[in-house]
Amino acid sequence: MASSFKPGAGQASPGSGSARSTPRNRAEPCAMQRSDSSRSVQSIGATNEQKHRDRDNIKVSVRIRPLSEKERGRGDKAVWATDGSGGVGTTNSSSGRLDVKYAYDIVFDASTANEQVFETVGRSTIEPVISGVSGTIFAYGVTSSGKTHTMMGTAADPGLVPRAIQALFEHIGQATDRVFTVTMSMMEIYCEMLNDLLDPTKMNLDVQERELPNGRGAVLQVKHLTEGKVASAAAALALIQQGQDNRKVGATAYNDQSSRSHTLCRFLVESAPAAAVGSSGSSSSSSAVTRTSAWLTLVD
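Caption draft 1: Expanded view of the pattern of salt bridges. All chains considered together, the criterion is met by 6 salt bridges. Between Asp76 and Arg74 there is a salt bridge; the shortest N-O distance is 2.9 Å. Where Glu119 meets Arg123, a salt bridge forms, and the shortest distance between an N and an O atom there is 2.8 Å. Taken together, the residues span about one helical turn, with Glu119 and Arg123 both in helix 3 (residues 114-130) at a distance of 4 residues. Residue Glu119 is classed as partly exposed on the basis of its relative accessible area of 40%. Under the relative-accessibility criterion, Arg123 is labelled partly exposed at 31%.

Caption draft 2: Structural view of the packing of aromatic side chains. On inspection of all chains with the given rule, the structure shows 2 aromatic pairs. Relative to Tyr102, the ring of Trp80 lies with its centre 6.2 Å away and its plane at 40 degrees, an arrangement referred to as tilted. Taken as a pair, Trp80 in strand 4 (residues 80-82) and Tyr102 in strand 6 (residues 98-103) lie far apart in primary sequence, 22 residues in all. What makes Tyr102 partly exposed here is its relative accessible area of 38%. The ring of Trp295 has Arg266 lying over it, and the distance from NZ or CZ to the ring centre is 3.9 Å.

Parameters and conventions
- Residues numbered from 1 in each chain as written.
- Predicted model: local features only at pLDDT ≥ 70, side-chain atom pairs only at ≥ 80, totals over all residues.
- Heavy atoms only, no water.
- Salt bridge = Lys/Arg side-chain N within 4 Å of Asp/Glu carboxyl O.
- Helix = DSSP H or I, 4+ residues; strand = E, 2+ residues; numbered from the N terminus.
- Buried < 20%, exposed > 50% of the residue type's maximum accessible area, 1.4 Å probe, protein only.
- Phe/Tyr/Trp six-rings, centres within 6.5 Å; stacked < 30°, edge-to-face > 60°.
- Lys NZ or Arg CZ within 6 Å of the ring centre and 35° of its normal.

This is the structure:
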């Protein structure tokens, strides 16, 4: 199942490209994706509409960001709003009537906190990863549309990345019948180059295609990308902060410290039944052992 969410002002979201003199607030995007929605669990007695939603692979959501302090200081007015049922449009300045122009799966208004965004479009991506179903949450939008705030957040209002990591390790801690290993990496796309954020000496990395065994297709792999095993949410978040410190930032007309790159945090989550894992931590090679592996990808 995939859910995509647009925060602030996104390329595909309403409000992008407004002139400086035009009153505005922005909507930014983020998306979640599960690679195999057919494996999602449906409750008995669910309506056909609910079942259809459970089978969807991609959902698109919009988050309308509030005006910044700088915008409020120069007298800008918010004109984009939601009708509360997935519609987004502009408000007529004289009548106050909302003219709905776009429809999305979910729309968050400017007062929505990161916690609500995560609970609505993020948490449902985590549990399937534990079961071996890959998922992605990504945000997209123009500069200063709120992508990094939505994905990384602040100490007072953590974003989807720290919340997803916390939820991932909470689920792992509850699965006492299986043994998990989590391997993470963090890279940025900057000026069409891939850079390793956990080792800033590794820049402009190459991408290669690697064939999977038994004719199962191929995957794309970033050569020489730093990968490390993490045993807790705290360890993963420490590496995330290290990577954040290495990101490219710069001043824009809207933000003195705007992110100038896209960040990809990837977590390979692998598991095997606890009974098949010896006291040394090594797992049995028996073909009868049910192992799972899935990627959780978080993109800003």
